[in-house]
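Structural overview for review
Take a look at the letters that make up each chain.
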Amino acid sequence: MKVTTIGAGYVGLTTSCVLADHGHKVICLDVDQVKISKLERGEVPFFEPGLQELLDRVLKKGTLTFTDDRKTAYYHGEIIIIAVGTPPQIDGSPDLRFLKTALTDISEHLSSHKTIVTKSTVPPGTNKWIESELAQKADRKLFDVVSNPEFLKEGTALEDTLNPDRMVAGGNSAEAVARVKELFSFVSAPWFTTSLTGAEMIKYASNVFLAAKISFINEIAAICDAYHVNVEDVARGIGADPRIGPAFLRPGLGYGGSCLPKDLSALIYAAKSKGINPKLLPAAGEVNDSVTKSYVQRLELLLGTLRQKRIAVWGLSFKPDTDDTRYSPALTFIRKIQEKGAEVLAHDPVVKETSEGIISQPDPYSVLTDADALVLATEWSVFKQADWGRVSRMMKGKIVLDCRNVLNTGEVAAAGLDYHAIGRYQREQEAQ
Ligand code: UDX
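All of these numbers come straight from a predicted model, not from anything done at the bench. Once a new chain begins, its residue numbering starts again from 1 and follows that chain's sequence as written. Under the rules for a predicted model, residues below a pLDDT of 70 receive no local features and side-chain atom pairs below 80 are neither given nor counted, while totals for whole chains, interfaces and linings still include all residues.

1. Let's talk about the overall build of the protein
Comment: elements are numbered from the N terminus, with helices defined as DSSP H or I runs of at least four residues and strands as E runs of at least two. Assigned secondary structure in the protein consists of 17 helices and 13 strands. Atoms counted for the radius of gyration: C-alpha only. Globule rule: 2.2 Å times residue count to the power 0.38. Its C-alpha atoms give the protein a radius of gyration of 24 Å, within 12% of the compact-globule value 22 Å for 432 residues. Look at the contacts in the protein between residues 6 or more apart in sequence, and 72% of them connect residues 24 or more apart. We call two residues in contact when their backbone-placed C-beta atoms lie within 7 Å.

Below, the structure is given as structure tokens:
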């Protein structure tokens, strides 16, 4: 099929590459000329495991091209995939500016039938609005709209696109939904079909549920901590119940990234705009904000004060295997301890520099000289395999605060370091 993808971010680029690898003729459009030039040279503009190799392959096959020329892009596709960003605004609602521009462009290039597939996460009612907007500007017979939300995760974007748990398609035309299913015929996941708005709600409810699950386990971790109970035992114990499930029950510094915080705010905004006052959803966000504070307080308690303390921080990205620092809990933590007078030296395996001006030091050990404490903020696997003897010799203080509950407590302690976490008591400690 001839496909045009609008937006070369995580969703747009991954989808373009995967579709092009499965024989579709894909043009990917982005307004960012620097990004397009990089992609034309064969460079993936962000860190995403496996994507570079796939891009190399499809460029060689000649099934994927990039352009910033809207005319070329919009004439090409019989399927137009909208994968533009919908960043949050101060009031919590998403900024639909890029989507609106795409719609204007589509309406100006509707010379033959096009199926418009919305992958961008958009508030309930947006796809219906897209349909009515286009109907005002173009012949209704020339387009269909299908809401096909994307569930891929950064760091595993390729695997998630090739082997998703489920596919969701909302639309008013059975033929259009069938076309989208045909486009993704290489995917073996079950399809859930619903209305345009139903598909939008599935996406929001999924992400908000995940956010709530993380906040739930973080709240439980704080209670476990007070009772000297290991929260991992509790997560395993409750996760064995199929009604609960074991995934997304890892306590820590909280959730970040470009999706969970944004989608939670957007759904609260969408609810309020209909006169509904949600209680559980804002609470999930409040708990998430409070976990960073709890870790800051713990560090302050351990050191007496943060003023003029030298803190080594491992990890800047919002989670491992990505260079994305949007809404990264690691950065919130760093900002808070800096406000309390701490001096921070940080290292991340892929992030070079953050928009806040934090520069990643060349290796994990280079941040340790004279450090009063080491904080693990993002659980990159390289940190789990650290040489703890070396860490111990380099640091001035002995405190290690594991904000992701992932380090081997025995190995850390054996090196003469004081291991700390929230809700990670060992059974022996409980017995004491
Ligand atoms: C999320 C959704 O998972 C995905 O389906 C959607 O398409 C986009 O949003 P992503 O933002 O890439 O994906 O990251 P995800 O793996 O979901 O993690 C989100 C945050 O939750 C990270 O900060 C992670 O560290 C945190 N997290 C996750 C926990 O704190 N505990 C957990 O148990 C799981």
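Still more to cover.
2. Digging into unusual backbone geometry
Of note in the backbone geometry, H228 takes a positive phi value of approximately 55° without being a glycine. Relative to the elements of secondary structure, H228 occurs in the loop between α9 (196-226) and α10 (231-239). Located in the positive-phi region is N405, a residue other than glycine, with phi close to 50°. Given 21 C-beta atoms within a 10 Å radius, N405 is considered buried. Whether a residue is buried, exposed or partly exposed is read from the other C-beta atoms within 10 Å of its own C-beta, which are placed from the backbone; 20 or more gives buried, 12 or fewer gives exposed, and intermediate counts give partly exposed.

3. Points about the UniProt feature "binding site: NAD(+)" (unreviewed entry) in the protein
UniProt positions are given in the numbering used here, feature names are shortened, and annotations may be inferred rather than shown by experiment. Per the UniProt annotation, the sites labelled "binding site: NAD(+)" (unreviewed entry) are D30, K35, T86, T121, E154, K262 and R326. Of the residues just listed, which span 297 residues, the most distant C-alpha pair is 23.8 Å apart, and they do not cluster in one region. Inspection of the secondary structure puts E154 in the loop between β6 (143-147) and α7 (157-162). Excluding its chain neighbours within four sequence positions, the residues that come into contact with E154 are Y10, E48, G257, T322 and D324. Judged by local crowding, R326 falls into the partly exposed class, with 18 C-beta atoms found within 10 Å. Once residues lying within four places of it in the same chain are set aside, the contact partners of R326 are G257, S258 and F318.

4. Concerning the site of the ligand
Being near a molecule or strand means, for a residue, that its C-beta atom, positioned from the backbone, comes within 6 Å of it. Neighbouring the ligand are 20 residues, the closest being E154, R250, Y255, G257 and C259. Sorting elements by how many residues they give to the shell around the ligand places α9 first, with three residues. As a working rule, the residues Ala, Val, Leu, Ile, Met, Phe, Trp, Tyr, Cys and Pro are called nonpolar, Asp, Glu, Lys and Arg charged, and the rest polar, with Gly in that last group. When its residues are assigned to classes, the shell around the ligand shows ten nonpolar, five polar and five charged. The two domains that each donate at least three residues to the shell around the ligand are domain 1 (2-192) and domain 2 (210-431). Domain delimitation follows an automatic or database domain assignment.

5. Quick notes on the UniProt feature "active site" (unreviewed entry) in the protein
Using the residue numbers shown here, the UniProt feature "active site" (unreviewed entry) corresponds to C259. Setting aside residues no more than four positions away along its own chain, C259 makes contact with T121 and N207.

6. Description of the packing of helix α11 (residues 260-272) against helix α12 (residues 280-303)
Note on geometry: axes are lines fitted to C-alpha atoms, helical ones only across the stretch in contact, with angles between N-to-C directions running from 0 to 180 degrees. In contact at an axis separation of 10 Å, α11 and α12 are set at 150° when each is read in the N-to-C sense. The angle between the axes of α11 and α12 places the two elements in the roughly antiparallel class. The handedness of the crossing between α11 and α12 comes out as left-handed. Of α12, the residues touching α11 (which contributes L264, L267 and I268) are L281, P282, A284 and G285. Reported orientations rely on four angle classes, namely roughly parallel under 35 degrees, roughly antiparallel over 145, roughly perpendicular from 65 to 115, and oblique for the rest. Take the far helix as your reference; a near helix turned counterclockwise from it by less than a right angle gives a left-handed crossing, and one turned clockwise gives a right-handed crossing.

7. As for the sheet that holds strand β3 (residues 64-67)
What the eight strands build is an open sheet, ordered β3-β2-β1-β4-β5-β6-β7-β8; its pairing is mixed. Only two strands of the sheet have a single partner each, and these edge strands are β3 and β8 (191-194). Averaged over all adjacent pairs, the angle separating strand axes in this sheet is 25°, with direction ignored. Strand pairing is assigned whenever DSSP identifies at least 2 bridges connecting the two strands. The pairing of strand β4 (residues 79-82) with strand β5 (residues 114-118) spans four bridges and is classified as parallel. Note on β5: the bridge partner recorded for I81 is V117. Relative to the sheet, α9 contacts β6, β7 (167-171) and β8, its axis offset from that of β7 by approximately 145°.

8. Thoughts on the pairing of β5
β5 sits mainly inside the fold: five of its five residues count as buried. Where burial is concerned, the two faces of β5 agree: the one with K114, I116 and T118 and the one with T115 and V117 are both buried. Handedness of the β-α-β unit built from β4, helix α5 (residues 97-108) and β5 comes out right-handed. Note: β5 against β6, five bridges, orientation parallel. Each bridged residue has a counterpart across the sheet, and for T115 the counterpart in β6 is D144. For the segment spanning β5, helix α6 (residues 126-137) and β6, crossover handedness is right-handed. Here, the term right-handed applies to a crossover whose path from the first strand over the helix to the second runs clockwise when the strands point away from the viewer.

9. Structural notes on the domain arrangement of the protein
When its domains are assigned, the protein resolves into domain 1 (2-192) and domain 2 (210-431). Its residues placed into classes, the side of domain 1 that touches domain 2 shows seven nonpolar, four polar and two charged.

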